[in-house]
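Now for the letters of each chain:
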Amino acid sequence: MLRVKCLRGGCRGAEAIHLLGSMFGRALTGWTQKAFQSSSSTAGSQMQGKVVGDHVTETKEQDCPVCSYNEWDPLEEVIVGRAENSHVPPLTVEVKACIYENCWPFYQKYGGHSFPEDHLKKAVAEIEELCNILRHEGVTVRRPELIDWSQVYTTPDFTSSGMYAAMPRDILLVVGNEIIEAPMAWRSRFFEYRAYRPLIKEYFRKGAKWTTAPKPTMSDDLYDPVTNYMGIEWMRRHLAPDYKVHTISFKDPNAMHIDGTFNIIGPGLGLLNPERPCEQIDMFYKAGWTIVKPPTPMIPDDHPMWMSSKWLSMNVLMLDEKRVLVESNETSIQNMFESLGIKPIKVSILHANSLGGGFHCWTTDIRRRGTLQSYF
Ligand code: ABU
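This is a predicted model, so every value here is computed, not measured. (Residues numbered from 1 in each chain as written. Predicted model: local features only at pLDDT ≥ 70, side-chain atom pairs only at ≥ 80, totals over all residues. Heavy atoms only, no water.)

Some details on the site of the ligand
Near the ligand lie eleven residues; those nearest to it are His257, Asp259, Arg276, Ser309 and Cys361. In the model, a nitrogen atom of the ligand is placed 3.0 Å from a nitrogen or oxygen of the Asp259 side chain. Among the residues forming the shell around the ligand, the class breakdown is two nonpolar, six polar and three charged. (Near = heavy atom within 4 Å. Polar contact = N/O pair within 3.5 Å; in protein donor to acceptor, adjacent residues only side chain to side chain. Nonpolar A, V, L, I, M, F, W, Y, C, P; charged D, E, K, R; others polar.)

Looking at the packing of aromatic side chains
Think of a pair of aromatic rings as described by two things: how far the centres are apart, and how the planes are tilted against each other in angle. This structure, assessed with the given rule, holds 17 aromatic pairs. Relative to Tyr107, the ring of Phe106 has its centre 5.7 Å away and its plane inclined at 85°; by these criteria the two rings are edge-to-face. For the residue pair Phe106 and Tyr107, the accessibility class agrees, reading buried in each case. Look at Phe115 and Trp306: their rings are 5.6 Å apart centre to centre, the planes differ by 40°, and that puts the pair in the tilted class. Of this pair, Phe115 sits in the loop between α2 (104–110) and α3 (117–136) while Trp306 sits in the loop between β15 (290–292) and β16 (317–320), and the two are 191 residues apart along the sequence. The exposure class assigned to Trp306 is buried, which follows from its relative accessible area of 11%. Aromatic rings pair up to connect Phe106, Tyr107, Tyr110, Phe115 and Trp306 into one cluster. For Lys215, the ring lying beneath its charged end belongs to Phe190, and the centroid distance is 4.6 Å. (Phe/Tyr/Trp six-rings, centres within 6.5 Å; stacked < 30°, edge-to-face > 60°. Buried < 20%, exposed > 50% of the residue type's maximum accessible area, 1.4 Å probe, protein only. Helix = DSSP H or I, 4+ residues; strand = E, 2+ residues; numbered from the N terminus. Lys NZ or Arg CZ within 6 Å of the ring centre and 35° of its normal.)

Remarks on the sheet that holds strand β18 (residues 343–347)
Spatial strand order, β16-β17-β18: three strands in an open sheet with mixed pairing. Single-partner strands in this sheet number two, and they are β16 and β18. Each strand of the sheet is rotated relative to its neighbour by a mean of 35°, with strand direction disregarded. Along the sheet face, α3 touches β16, β17 (323–327) and β18 and points at about 145° away from the line of β18. Packing of helix α8 (residues 331–339) onto the sheet brings it into contact with β17 and β18, and relative to β17 it is tilted by some 170°. (Pairing = 2+ DSSP bridges. Axes fitted to C-alpha atoms, helices over the stretch in contact; angles between N-to-C directions. Contact = heavy atoms within 4.5 Å.)

Comments concerning the pairing of strand β14 (residues 269–272)
Taking every second residue as pointing to the same face, both faces of β14 are buried, with Leu269 and Leu271 on one and Gly270 and Leu272 on the other. Where strand β13 (residues 262–266) folds back onto β14 in an antiparallel hairpin, the turn is made up of two residues, including Gly268, whose phi is positive at roughly 70°. Taken together, the three bridges between β14 and β15 define a ladder with parallel strand orientation. Note on β15: the bridge partner recorded for Leu269 is Thr290. With respect to chirality, the unit in which β14 leads through helix α7 (residues 281–286) into the neighbouring parallel β15 is right-handed. (Right-handed = clockwise from strand over helix to strand, strands pointing away.)

A short note on the sheet that holds strand β10 (residues 178–181)
Sheet strands associate in pairs through backbone hydrogen bonding, adopting either a parallel or an antiparallel arrangement. What the three strands build is an open sheet, ordered β9-β10-β11; its pairing is mixed. What marks the edges here is a single partner per strand, and that holds for β9 (172–175) and β11 (209–212). Within the sheet, the average angular offset between the axes of one strand and its neighbour, ignoring direction, is 20°. Relative to β11, β10 runs parallel, the two sharing four bridges.

A word on the nonpolar core
Core analysis: the largest hydrophobic core is formed by 43 residues, its most contacted members being Tyr107, Leu134 and Leu325. The leading source of residues in this core is α3, at seven residues. Residues in contact with Tyr107, not counting those within four places in the same chain, are Val88, Pro89, Leu91, Val95, Ile99, Trp306 and Met307. In terms of nonpolar packing, the next biggest core, distinct from the first, is built from 27 residues, Ile265, Ile281, Met314 and Val326 among them. (Core = buried A, V, L, I, M, F, W, Y, C linked by side-chain atoms within 4.5 Å.)

Let's talk about α8
Of the positions making up α8, those classed as buried are Ile333, Gln334, Met336 and Phe337. What you see down the axis of α8 is that its buried residues fit within an arc of 160°, all on one side. Residues of α8 that are buried make contact with β13, β14, β15, β17 and β18. Of the residues trailing α8, Gly341 is marked for its positive phi of about 80°. (Arc of directions from axis to C-beta.)

Focus: the environment of Val152
Topologically, Val152 is positioned in strand β7 (residues 152–154). Overall, the relative accessible area of 56% leaves Val152 in the exposed class. Residues Val152 and Gly112, spaced 40 residues apart in sequence, show a C-alpha to C-alpha distance of 8.6 Å. Contact partners of Val152, with chain neighbours within four places excluded, come to Thr159, Ser160 and Ser161.

Re the confidence of the model for the protein chain
Fine structural detail should not be taken from predicted coordinates in areas where pLDDT scores are low. Across the protein chain, the average pLDDT comes to 87, with 83% of residues at 70 or higher. Across residues 9–33, where pLDDT falls below 50, the model places 140 contacts with residues more than four positions away in sequence or in other chains. Below pLDDT 50 for its whole length, residues 40–45 participates in 13 contacts with residues either more than four positions away or in separate chains. (pLDDT = per-residue confidence, 0-100.)

Things to note about unusual backbone geometry
Of note, the amide linkage connecting Ala240 to Pro241 takes the cis form, showing an omega dihedral of 0°. Position of Pro241 relative to the elements: it lies in the loop between α6 (230–239) and β12 (243–251). The phi angle at Met218 is positive, at roughly 65°, despite the residue not being glycine.

As for the side chain of Arg82
Within the secondary structure, Arg82 is located in the loop between β5 (75–80) and α1 (93–96). A relative accessible area of 17% means that Arg82 is categorised as buried. If we skip the residues at most four places from it in the chain, Arg82 touches Arg143, Pro144, Glu145, Leu146, Ala165, Ala166 and Trp362.

Given below as structure tokens:
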């Protein structure tokens, strides 16, 4: 498989396979379809256009500011999300699909309003520290725009307030030199792309390819509790013939994203949530992969997790094959990484976790130094 980039199937946003938001949801059976892509061949160096004023010049694939083929090659540039101004989405049908029922009262109380301010301040400070640590490790950090997410908007199909630009992994997917903007499954995230447009335009001007995947209208009649496959099919056709999209399914009754379920951290090395078995796991074993089941998360039971399970402990970001960003308080998984010969870089983002993401969700890889390979 070549791209061992997992496309985030689920309900929260691009989440769905990083595309076609409302196309994916939860399977009635509790088995959630997820997809990832792999290359069917090793691509040769390609030329990309670069816009300088009115002129288009050509740049080599590896010179493009946007370039990533997997999630473990040395990380050179990353977008880190923002907690500032984050608002709680109204408790609508698509939100209920993936939020644990014990959190619904929180949404009933705060929906359409800011997340609790004290909590947000701590999350903002944690993410600033995360950015400092990434810079210290030699990574260029870029940030989305500050936006007022309280604004209520109306389209011909729905009315909503906004949410945040905290999780760039949900909305932006880099495949080689292409940056794909995914639509969100939640109405509160319909206009989230606006926070990233200045950055995306800058990358485009410097030679990156820029694609916006089709946005669903998000009308009431589009919502269906059963996973559908249109997003996977869009991605399959869009990336063919260089990439092959594989569909895999997991037992997960509140499915949102794949990275708290299955996270590929090295060539032929994956983390699989022991509570969410994978129907197609033999595919990986047959290809000689090592699949590791991480230890139970250590996050305290009374810590608010408004938008995810505790399995954000495995929602890690690889800086390269031998360095990983891990939550400081999660000593069990740190030990696991050390036993795999991977050095944990410890950072605490517990308050930021409450907004629904770990290090993997809070970031999008823009540039990793590496080439396209096949792993199956
Ligand atoms: N992207 C976060 C999903 C975490 C979870 O599976 O709960």
